[in-house]
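In case you want the letters, here they are:
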Amino acid sequence: MKLIKRIFKKENFKRDFITALLAAMLFSMIFSLAEFEAKCEDLKENVLRLHIIANSNSAEDQAIKLKIRDELLKNSNGLFETANNKEAAIEMVNNNTDFLTAIAEEVLIKEGKNQPVSISIGKTYFDTRVYEDFTLPAGEYDAVRVLIGKAEGKNWWCVMFPSMCVPAAEKEHKLTEAVDEKSAEIAENAPRYEMRFKIIEWYEAIKNKLKNF
């Protein structure tokens, strides 16, 4: 009888130990994911993206979209040099909307196109996006939206602040100009956090669908 009690006690101890271990692992995973999500929020809250949408998916319209992109990037070089945060960058875009619109319109005139162009800043949902040197998590971002013509074609996007998509920038810009070092480290080492990026993408996609339901 004592032997049976001892066995049950051992079994109970083993079960309680495994339960406690699993609970600790689950708590650690939840805490880690919560910390990761907070750093993703830091990225979403502090970068300004550029989003250019072509008139259509025709080869001609897609080529024009890229020409407008090149001219906007070339002529906005230095525009954000004095901006030290996203809000200052947004203000500079708002103060130069006519200038940027004129650049896009000039490209269309040269291409013989009579299409309208509108440039505005608004919240835009993006999927997880992998760039050459970094990855941005899915979610809503403030973005400079450039709509060409009917804006029914494929789009192009990058980070406008900090100026990481301006190839002719006078100095090399880094994410740490806008976010803290841990957030930048996550973006710049995405393969290490691949599963967590995927979880954030699922969560943000569901949240976006519910918002627009």
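Our subject is the structure that appears above.
Residues numbered from 1 in each chain as written. Predicted model: local features only at pLDDT ≥ 70, side-chain atom pairs only at ≥ 80, totals over all residues. Heavy atoms only, no water.

1. A closer look at the pattern of salt bridges
We count it as follows: The rule for a salt bridge is simple: a side-chain nitrogen of Lys or Arg has to be within 4 Å of a carboxyl oxygen of Asp or Glu. Working definition: helices are DSSP H or I runs of at least four residues, strands are E runs of at least two. Numbering for both runs from the N terminus. Partly exposed residues are those whose accessible area sits between 20% and 50% of the maximum for their type, while under 20% is buried and over 50% is exposed, using a 1.4 Å probe and protein chains only.
One pass over the structure, following the stated rule, counts 8 salt bridges. In this structure, the salt-bridge partner of glutamate 111 is lysine 67, at a minimum N-O distance of 2.9 Å. Residue glutamate 111 is located in the loop between helix H4 (97-110) and strand S2 (117-126), and its partner lysine 67 is located in helix H2 (residues 59-75); the two are separated by 44 residues in the primary sequence. Among the ionic pairs, glutamate 71 bridges to lysine 74, the shortest N-O distance being 3.4 Å. Note that glutamate 71 and lysine 74 are positioned in helix H2 at a spacing of 3 residues, about one turn of the helix. The class for glutamate 71 is partly exposed, based on a relative accessible area of 27%. When salt bridges that share partners are traced, they join Lys86, Lys123 and Asp142 into one network.

2. Some thoughts on the sheet that holds strand S5 (residues 139-148)
Put simply, the rule is: For two strands to be treated as a pair, DSSP must find at least two bridges joining them. Lines fitted to C-alpha atoms define the axes here, with helix axes fitted over just the stretch in contact, and angles between the N-to-C directions of these axes take values from 0 to 180 degrees.
One open sheet holds the 4 strands; their spatial order is S2-S5-S1-S6, and the pairing between them is mixed. Strand pairing shows two members of the sheet lacking a second neighbour, S2 and strand S6 (155-161), which therefore form its edges. Strand-to-strand twist in this sheet, taken as the mean axis angle between neighbours without regard to direction, amounts to 30 degrees. Two strands pair when backbone bridges link them, and S2 and S5 are joined in this way by 10 bridges, in the antiparallel orientation.

3. Topic: the packing of aromatic side chains
Definition in use: Here a Phe, Tyr or Trp ring, Trp counted by its six-membered ring, pairs with any other such ring whose centre lies within 6.5 Å, and the pair is stacked when the planes are under 30 degrees apart, edge-to-face when over 60, and tilted otherwise. Counted as over-ring charges are cases with an Arg CZ or a Lys NZ within 6 Å of the ring centre that also lie within 35 degrees of the ring normal.
Across all of its chains, the model carries 2 aromatic pairs by this definition. Ring geometry for phenylalanine 126 and tyrosine 141: centres 5.8 Å apart, planes at 85 degrees, overall edge-to-face. Here phenylalanine 126, found in strand S2, pairs with tyrosine 141, found in strand S5; they are 15 residues apart in sequence, far enough to count as distant. Just as phenylalanine 126 is buried, tyrosine 141 falls in that class too. For the pair phenylalanine 126 and tryptophan 157, a centre-to-centre distance of 6.4 Å together with 65 degrees between the ring planes defines the contact as edge-to-face. Of the two residues, phenylalanine 126 sits in strand S2 while tryptophan 157 sits in strand S6, which places them 31 residues apart along the sequence. With a relative accessible area of 5%, phenylalanine 126 lands in the buried category. Taken together, the ring pairs connect Phe126, Tyr141 and Trp157 into an aromatic cluster. Directly above the ring of phenylalanine 126 sits arginine 49, whose terminal nitrogen or CZ lies 3.8 Å from the centroid. Positioned above the aromatic ring of tyrosine 141 is the side chain of arginine 49, whose terminal nitrogen or guanidinium carbon lies 4.4 Å from the ring centre.

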